[in-house]
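Listed here are the chains, written in short residue letters.
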Amino acid sequence: VPRKERILKMCKIIEQNNSVAVGVRLFEEMPVGDRHLVGGMAPLSFYEEAVAQMADKIKIPVFFVFCTKSDAIRSSLNLRGKIYYLTDDEGYENATDSLWLMSMCRHHILSNSSFYWWGAYLAEQRYNNGIIISCDQFTNADCIPDRWLAVSTKPADSEKVIINF
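## Overview of the overall build of the protein
Across its full length, the protein carries five helices and six strands. When each of the 165 residues of the protein is scored for burial, the buried share is 48%. Carbon and sulfur atoms make up 49% of the accessible area of the protein, which totals about 8,600 Å².

Following this line, the structure appears as structure tokens:
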């Protein structure tokens, strides 16, 4: 369990709400031309579809967005309701703290990231009735268990896929 007061306060907020962790991987550590090697970036339509599905399944979702750069996604993601950004540039740069906070969320929407995958998987051990919605862009389809919902990420030709950062 983390010891930082800020992390523990956020955990209480997560536990007191119908929390939905939203994992957005930007792949900023990879050259644009190589991102396809790991499945590529999930298009914005994935998040919109996943949020709509989640809103149909749970009441009053509170979103906790995990990403490295909040400025890159604030204007792009269309989330409904209360939103907290737990990003590097918001002071949540410690990977261990972020993974722990993700695992405290009841529900999950995740891109093709093993880091976010582990957050959802660990949360399942705590909440056996949580809903997990994953994009279908993992390079190994076996990464998405049958009990999770997989959303297609096939973007339209005109769709915005890359989030500017």
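## Details of the pattern of salt bridges
Pairing of side chains with opposite charge becomes possible as their charged atoms draw close. Under the definition given, this model contains two salt bridges. For the salt bridge of Asp-97 with Lys-4, the shortest nitrogen-to-oxygen distance reads 3.2 Å. Taken together, the residues span a long stretch of sequence, with Asp-97 in helix α4 (residues 95–104) and Lys-4 in the segment before α1 (5–15) at a distance of 93 residues. Since its relative accessible area comes to 9%, Asp-97 is described here as buried. The residue Arg-147 makes a salt bridge to Glu-124 at a minimum N-O spacing of 2.7 Å. Placement of the pair is Arg-147 in the loop between β5 (132–135) and β6 (149–151) and Glu-124 in helix α5 (residues 114–126), with a sequence separation of 23 residues.

## Quick word on the packing of α1 against α4
Between α1 and α4, the shortest axis-to-axis distance is 9 Å and the interhelical angle comes to 20°. Taken together, the axes of α1 and α4 lie roughly parallel to each other. Considering only the axes of α1 and α4, their crossing is right-handed. In this structure, α1 uses Ile-7, Leu-8, Met-10, Cys-11, Ile-14 and Glu-15 to contact α4, whose residues at the interface are Asp-97, Trp-100, Leu-101 and Met-104.

## Describing the pairing of strand β1 (residues 18–23)
Of all six residues making up β1, five are buried, and the element is well covered by its neighbours. The sheet contact formed by β1 and strand β2 (residues 61–67) spans six bridges and is parallel. Looking at β2, one finds that Val-20 is bridged to Phe-63. Pairing between β1 and strand β4 (residues 107–110): four bridges, direction parallel. Considered in β4, the bridge of Ala-21 is made with His-108.

## Quick look at the side chain of Glu-124
Under the relative-accessibility criterion, Glu-124 is labelled buried at 17%. Here the side chain of Glu-124 touches Trp-148 through a polar contact of 3.0 Å, side chain to side chain.

## Things to note about the side chain of Ser-134
Structurally, Ser-134 is set in strand β5. When its relative accessible area of 0% is taken as the criterion, Ser-134 is described as buried. Not counting residues within four places of it along the chain, the set of residues in contact with Ser-134 comprises Phe-46, Leu-110, Ile-144, Trp-148, Leu-149, Ala-150 and Val-151.

## Comments concerning the environment of Met-54
Tracing the backbone through its elements, the reader meets Met-54 in helix α2 (residues 44–57). For the pair Met-54 and Ile-131, spaced 77 residues apart in sequence, the C-alpha to C-alpha distance is 7.7 Å.

Rules used throughout
Residues numbered from 1 in each chain as written. Predicted model: local features only at pLDDT ≥ 70, side-chain atom pairs only at ≥ 80, totals over all residues. Heavy atoms only, no water. Helix = DSSP H or I, 4+ residues; strand = E, 2+ residues; numbered from the N terminus. Buried < 20%, exposed > 50% of the residue type's maximum accessible area, 1.4 Å probe, protein only. Areas by Shrake-Rupley, 256 points an atom, 1.4 Å probe, with all protein chains shown as cover. Salt bridge = Lys/Arg side-chain N within 4 Å of Asp/Glu carboxyl O. Axes fitted to C-alpha atoms, helices over the stretch in contact; angles between N-to-C directions. Parallel < 35°, antiparallel > 145°, perpendicular 65-115°, else oblique. Left-handed = near helix turned anticlockwise from the far one by under 90°. Contact = heavy atoms within 4.5 Å. Pairing = 2+ DSSP bridges. Polar contact = N/O pair within 3.5 Å; in protein donor to acceptor, adjacent residues only side chain to side chain.

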